[in-house]
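This is what each chain is made of:
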Amino acid sequence: MPNACVPLELEIAELVAEGKQIMSLVEVKELNDISEVSVLSPEQLTDFLHYQHSLGKIVYFDTPQLRDNVIISPLLMVEVMRSFITDVEFWPKEDKTRKTFKKMSENGMIQKVDLYQIWEQEEFCQILPFKEYIFDMLIHLDIVSEQRRYDTKTGSRLPIEHFFVPCMLTQRNDTDFLTQECTPERTLSLAFVFKGTIIPPALPNRLICACLSMWTLKQYRGRKLMFSGFVGLSVDKEHDIVVCVEGNKILLYLIHKRSKGLIVPEIATSVRECLHLTLERISEFYQSTVHEKVCSQLPFHTDYSCSRFICYFPEERLALKTDECVCKHGDDITLNWKVWNQEQKQKQCDLDCTGLSEDALSQFPSNIELLRLSVNCETRMIHDLALHLDMEETEWSDMVENYPRNTQMVKFLTLIDLRENNGIRFGDLAKGLREMKITTHTLCMMRRRKQVMSNIPDDILDSIPTDEILDNISPYIGKMVFQLGIELGLSIADSENIDKCNCDLTAQSKEVLFTWRRDKLVRPTIRVLEQALVNSRKGARCLEEVVKNVDPNTLRAVETVTDRIKDNEDRIIHNIQTSQILDHMMTHLVISADDRLDVEHYPRHDDQNKALLDIVIKRREPAYSVFVDGLRNYGYEDIANDLKCVTHDISPSPTLVSAENEGLSVWNVPLYEVRLQKNYVKVITDIQHESIVDHLISREVVSVDDGKKIESGKTPQEKNRNLMDMLLRKNEHGFNEFLKALRKDSIYADLAEQIEKTEVTSTDMATLHKCLK
């Protein structure tokens with residue numbers, strides 16, 4: 001080290017001795033500039049920081065998130081690690097924080113706000129002032145990993161909320177999923193093989209985090225398939241994947257629900273490319289952290305497995321297509337390689353394609369497979385095939401008569417009828433085609449998925465669509481609504497019920513889309529919707545138009561609310577009493593009297609709670625925050641703490657944002673109604689209703705029958721709720737008479753004055769307006 005660096009090193013050492021642990025880069029530069037002995041140039045200062053870091057005397061990373069600060073006392077990182085990576089005997093005794101540790105040890109997950117809460121403990125308070133910087137440091141070092149993949153265009157990380165702490169998840173996979181589900185008959189496998197004997201644990205953990213952001217974590221026999229070095233995920237209702245680490249290999253298994261011969265090659269190729277690209281990005285990241293020049297040669301290569309997952313052939317040998325790649329078990333691994341490496345624009349089978357395997361021919365075709373066959377075949381061909389498979393001409397005629405203007409429906413439902421009533425399998429379809437002297441490679445098209453050339457950014461595609469997006473896309477679907485429903489995984493029964501219940505195509509489209517989004521088996525992302533639109537021949541341009549101005553923060557807000565509620569759904573549904581929560585939400589204008597009626601018309605508390613959660617998920621902010629505050633205020637503090645979010649992470653709805661810049665006149669909500677509802681809790685808890693109801697009856701605001709309905713409440717508060725719900729449906733005359741009734745009793749004069757002078761803002765109006773739509 002040059003002698004010129006010694007004075008600055010001594011100055012920093014003195015600051016460490018005084019107890020300072022972190023300096024901003026600006027402070028380091030100032031310390032250098034005021035040196036009486038020597039001043040380092042900017043280039044020398046950068047070299048000094050890197051050299052000191054390499055010696056372990058400081059911690060400094062020259063990356064956008066971290067370069068503005070320098071940890072001058074590396075022991076601080078020891079304290080950071082000790083704060084949350086620790087054995088159970090050292091967990092804090094305080095209940096809230098202890099619960100965070102318990103959840104982290106069980107599922108390996110933590111939220112940023114929970115980690116900040118850990119640092120609020122007295123012994124770790126020195127970390128708290130630098131919490132954002134320290135958290136970015138933990139991300140950079142892979143001590144904490146993100147549950148969202150890298151942006152494939154820029155390599156930058158995308159904002160998320162849940163984080164994976166791999167070193168706290170120590171349990172290995174102890175389920176029998178691999179032996180029971182990853183069978184040779186249903187599974188293809190490949191391996192990403194790294195140089196050396198083992199893989200640094202942070203690397204596969206980052207890959208697992210990327211997988212968690214793209215696909216749905218699978219549950220098997222009531223357990224989530226996430227363990228140390230192992231994760232199982234659902235790609236769609238037919239395909240699952242497993243990623244696991246064995247020595248210097250990361251193994252990838254792709255499992256089909258029925259037969260590996262029915263694996264969609266485009267899905268296999270997409271999964272392989274996605275994981276390969278992610279591993280490439282991660283490898284480049286690690287090379288950059290140790291200041292190595294990123295070389296063109298990757299630190300891993302891909303091997304493809306035989307059906308028994310024992311023999312592996314390297315990609316270079318298979319890609320040449322010159323060698324005969326047959327393993328010792330007699331498997332031609334080239335056939336598996338072609339599934340993993342499907343040419344995206346290929347429309348016809350290769351010359352050496354042998355068609356569907358024997359195992360696949362013995363399977364019943366799914367709805368989606370029959371839909372794709374019907375789309376790719378002419379009407380006359382389906383008619384002739386049906387007759388070859390023993391359908392009567394009269395049955396075909398009836399089908400045509402039932403759908404006179406929709407030949408696509410006729411073709412599709414004909415094939416469904418053959419499967420349900422004649423029990424046809426793929427083999428029967430192949431036999432029928434041969435008898436008609438039509439190539440059986442027609443069946444191969446059932447395994448194909450149209451390529452999507454998307455112009456939608458990745459962070460939008462991997463998000464769950466909001467109500468607004470589904471509402472806006474619905475009018476574009478048109479007559480393709482039934483086909484879209486099948487592509488999205490709805491059953492025939494669900495699709496037919498939607499068709500029968502509403503003849504309006506837009507309403508049908510909305511019902512299909514909202515039914516799909518409620519499905520918990522597969523993550524309902526915009527990417528899935530885009531692919532379904534393309535497969536159903538609608539195309540994705542309409543979706544591109546709908547989402548072109550969507551803010552990713554809004555989408556993440558929906559996911560945040562939805563994820564938090566779903567994580568605690570059972571506790572909320574079974575444990576809370578809604579009445580007081582509804583009172584609180586009424587007062588804060590996030591639900592209307594009609595919303596309350598919709599919730600309370602269910603006789604069972606569980607069903608009432610489900611209905612309330614649906615409203616909260618749909619409304620987002622401020623409904624979510626008000627709901628959480630209500631839980632905390634009325635005795636459900638544990639649930640409220642588990643639902644809490646960092647405020648700026650939850651975006652308000654566009655309606656409320658626009659309200660901040662608009663006047664009261666824009667919103668078609670009567671002022672008196674807002675004033676009355678903002679005092680909802682005050683009214684139902686403070687007044688005796690009898691004399692007030694008598695006055696309202698005498699002024700013909702409510703009827704005698706209404707009075708009896710008010711009296712039907714079992715408690716004074718229930719009677720007051722009945723009264724308020726009636727008043728909120730009356731006009732301004734009713735409101736004024738209610739104030740007169742209050743003023744007749746001196747006890748309630750102040751309350752009447754408070755209600756009449758209650759401030760009403762444009763945001764208040766917009767909030768209630770959103771409930772009244």
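Residues numbered from 1 in each chain as written. Predicted model: local features only at pLDDT ≥ 70, side-chain atom pairs only at ≥ 80, totals over all residues. Heavy atoms only, no water.

1. Considering the overall build of the protein chain
Right, on to step 1. A tally of regular secondary structure across the protein chain gives 41 helices and 15 strands.
Right, on to step 2. With the C-alpha coordinates aligned to their principal axes, the bounding extent of the protein chain is approximately 100 × 100 × 45 Å.
Right, on to step 3. In the protein chain, which comprises 773 residues, the share counted as buried stands at 52%.
Right, on to step 4. Partitioning the intrachain contacts of the protein chain with sequence separation of at least 6 by distance along the chain shows that 70% fall at a separation of at least 24.
Right, on to step 5. As displayed, the protein chain has an accessible area near 36800 Å², and 50% of this comes from carbon and sulfur atoms.
Right, on to step 6. Seen as two clouds, the 94 positive and the 122 negative side-chain charges of the protein chain have centres 3 Å apart. (Helix = DSSP H or I, 4+ residues; strand = E, 2+ residues; numbered from the N terminus. Buried < 20%, exposed > 50% of the residue type's maximum accessible area, 1.4 Å probe, protein only. Contact = heavy atoms within 4.5 Å. Areas by Shrake-Rupley, 256 points an atom, 1.4 Å probe, with all protein chains shown as cover. Lys, Arg positive; Asp, Glu negative; His and termini not counted. Charge placed at Lys NZ, Arg CZ, Asp CG, Glu CD.)

2. Concerning the confidence of the model for the protein chain
Right, on to step 1. Looking at the protein chain, pLDDT values average 84 and 91% of them are 70 or higher.
Right, on to step 2. Taken element by element, the predicted model of the protein chain shows its lowest mean pLDDT in helix α33 (residues 654-659) (49) and its highest in strand β13 (residues 249-256) (95).
Right, on to step 3. Within the model, the stretch residues 646-651 combines pLDDT values under 50 with 12 contacts to residues more than four positions away or in other chains. (pLDDT = per-residue confidence, 0-100.)

3. Quick look at the pattern of salt bridges
Where charged atoms from two side chains of opposite charge approach closely, those side chains can pair.
Right, on to step 1. Summed over all chains, the structure comprises 35 salt bridges.
Right, on to step 2. One salt bridge connects R221 with D176, and the closest N-O pair in it is separated by 2.9 Å. Here the residue R221 occupies a position in the loop between β8 (219-220) and β9 (223-224), and D176 occupies one in the loop between β5 (162-164) and α8 (177-180), the gap between them amounting to 45 residues.
Right, on to step 3. Under the relative-accessibility criterion, R221 is labelled exposed at 62%.
Right, on to step 4. A relative accessible area of 27% places D176 in the partly exposed class.
Right, on to step 5. Via salt bridges that share partners, D583, R596, E600 and R721 belong to a single interconnected network. (Salt bridge = Lys/Arg side-chain N within 4 Å of Asp/Glu carboxyl O.)

4. Some words on the UniProt feature "domain: CARD" (unreviewed entry) in the protein chain
Right, on to step 1. UniProt records the feature "domain: CARD" (unreviewed entry) for residues 557-633 and 676-744 in the present numbering.
Right, on to step 2. When the span residues 676-744 is considered, its composition is 75% helix and 0% strand, and the gap between its end C-alpha atoms is 18 Å. (UniProt positions renumbered as here; feature names shortened; annotations may be inferred.)

5. Let's talk about the side chain of K218
Right, on to step 1. Checked against the element boundaries, K218 lands in the loop between β7 (216-217) and β8.
Right, on to step 2. Discounting residues that sit within four places of it in the chain, K218 has contacts with F177, R223, K224, L225, G232, L233, S234 and D240.

6. Quick word on unusual backbone geometry
Right, on to step 1. The phi torsion at D390 lies on the positive side, around 75°, for a residue other than glycine.
Right, on to step 2. Considering the arrangement of structural elements, one finds D390 in the loop between α15 (379-388) and α16 (393-402).
Right, on to step 3. At L589, a residue that is not glycine, the phi angle is positive and equals roughly 70°.
Right, on to step 4. You can see L589 is positioned in the loop between α28 (578-587) and α29 (593-600).

7. Concerning a negative patch on the surface
Right, on to step 1. Together, D390, E392, E395, D398 and E401 make up a region of like negative charge exposed at the surface.
Right, on to step 2. Residue position: E401 is located in helix α16. (Patch = residues over 30% accessible without salt bridge, like charges linked within 9 Å, V, L, I, M, F, W, Y side chains within 5 Å.)

8. Re the packing of helix α34 (residues 671-678) against helix α41 (residues 762-772)
Right, on to step 1. Between α34 and α41, the shortest axis-to-axis distance is 11 Å and the interhelical angle comes to 90°. Taken together, the axes of α34 and α41 lie roughly perpendicular to each other. For the pair formed by α34 and α41, the contact residues are L671, E673, V674, Q677 and K678 on the first element and D764, M765, L768 and L772 on the second.
Right, on to step 2. Counted by class, the contact of α34 with α41 contains 5 nonpolar, 1 polar and 3 charged residues. (Axes fitted to C-alpha atoms, helices over the stretch in contact; angles between N-to-C directions. Parallel < 35°, antiparallel > 145°, perpendicular 65-115°, else oblique. Nonpolar A, V, L, I, M, F, W, Y, C, P; charged D, E, K, R; others polar.)

9. What about the packing of aromatic side chains?
Right, on to step 1. According to the stated counting rule, one finds 11 aromatic pairs in the structure shown.
Right, on to step 2. Aromatic pair F177 and Y220: ring centres 5.0 Å apart, planes at 80°, arrangement edge-to-face. Here F177 is found in helix α8, whereas its partner Y220 is found in strand β8, with 43 residues between them in sequence. The pair F177 / Y220 is uniform in exposure class, with both members buried. (Phe/Tyr/Trp six-rings, centres within 6.5 Å; stacked < 30°, edge-to-face > 60°.)

10. Some points on the pairing of β13
Right, on to step 1. Taken across its 8 residues, β13 has 7 buried, putting it largely inside the fold.
Right, on to step 2. Relative to β13, strand β6 (residues 187-194) runs antiparallel, the two being bridged by 7 bridges. Among the inter-strand pairings, F192 is bridged to a residue of β13, identified as I250.
Right, on to step 3. The antiparallel hairpin formed by strand β12 (residues 239-246) and β13 contains 2 residues in its connecting segment, where G247 sits at a positive phi of about 60°. (Pairing = 2+ DSSP bridges.)

11. Side note on the pairing of β6
Right, on to step 1. Most of β6 sits out of view: 8 of its 8 residues are buried.
Right, on to step 2. Neither face of β6 is open: one carries T187, S189, A191 and V193, the other L188, L190, F192 and F194, and all of them are buried.
Right, on to step 3. By the bridge criterion, 5 bridges tie β6 to strand β14 (residues 300-305) in an arrangement that is antiparallel. Its bridge partner lying in β14, V193 is registered against H301.

12. A look at α41
Right, on to step 1. A large share of α41 lies buried, amounting to 8 of its 11 residues.
Right, on to step 2. Regarding α41, the residues found buried are S762, D764, M765, A766, T767, L768, K770 and C771.

13. So, the nonpolar core
Right, on to step 1. Ranked by internal contacts, the top residues of the largest apolar core, which has 54 residues, are M585, F627, L631, I692, L723, F738 and L742.
Right, on to step 2. Tallying contributions element by element places helix α31 (residues 623-633) first for this core, with 6 residues.
Right, on to step 3. Ranked by size, the runner-up nonpolar core spans 48 residues in total, among them M109, I199, I250 and V264. (Core = buried A, V, L, I, M, F, W, Y, C linked by side-chain atoms within 4.5 Å.)

14. A short note on the side chain of Q363
Right, on to step 1. The topology assignment puts Q363 in the loop between α13 (358-361) and α14 (367-375).
Right, on to step 2. If we ignore the near neighbours within four places in the chain, the residues touching Q363 are R258, S259, L262, R425 and F426.

15. As for helix α39 (residues 732-743)
Right, on to step 1. For α39, with 12 residues, the first-to-last C-alpha span of 17 Å sits near the 16 Å given by 1.5 Å per residue.
Right, on to step 2. The set of residues buried in α39 consists of G734, F735, E737, F738, L739, A741 and L742.
Right, on to step 3. On the buried face of α39, the contacting elements are α34, α35 (680-686), α36 (689-698), α38 (716-727) and α40 (749-756).
Right, on to step 4. In this structure N731 caps α39, since a side-chain oxygen of it lies 3.2 Å from the backbone nitrogen of H733. (Expected span 1.5 Å × (residues − 1). Polar contact = N/O pair within 3.5 Å; in protein donor to acceptor, adjacent residues only side chain to side chain.)

16. So, the environment of I687
Right, on to step 1. Summarising the element assignment, I687 is placed in the loop between α35 and α36.
Right, on to step 2. Taking the C-alpha atoms as reference points, I687 and P716, 29 residues apart in sequence, are found 8.9 Å from one another.
Right, on to step 3. Setting aside residues no more than four positions away along its own chain, I687 makes contact with I692, N720, L723, L742, Y748 and L751.

17. What about the environment of R221?
Right, on to step 1. For the pair R221 and T175, spaced 46 residues apart in the sequence, the C-alpha separation amounts to 9.0 Å.
Right, on to step 2. Excluding residues within four positions of it along the chain, R221 makes contact with D176 and Q180.
Right, on to step 3. In this structure the side chain of R221 is engaged in a polar contact, spanning 3.4 Å, whose partner is the side chain of Y220.

18. Quick word on the environment of G489
Right, on to step 1. As for its placement among the helices and strands, G489 is situated in the loop between α21 (481-487) and α22 (492-501).
Right, on to step 2. On the basis of relative accessibility, which here comes to 23%, the residue G489 falls in the partly exposed class.
Right, on to step 3. Taking the C-alpha atoms as reference points, G489 and L115, separated by 374 residues in sequence, lie 39 Å from one another.

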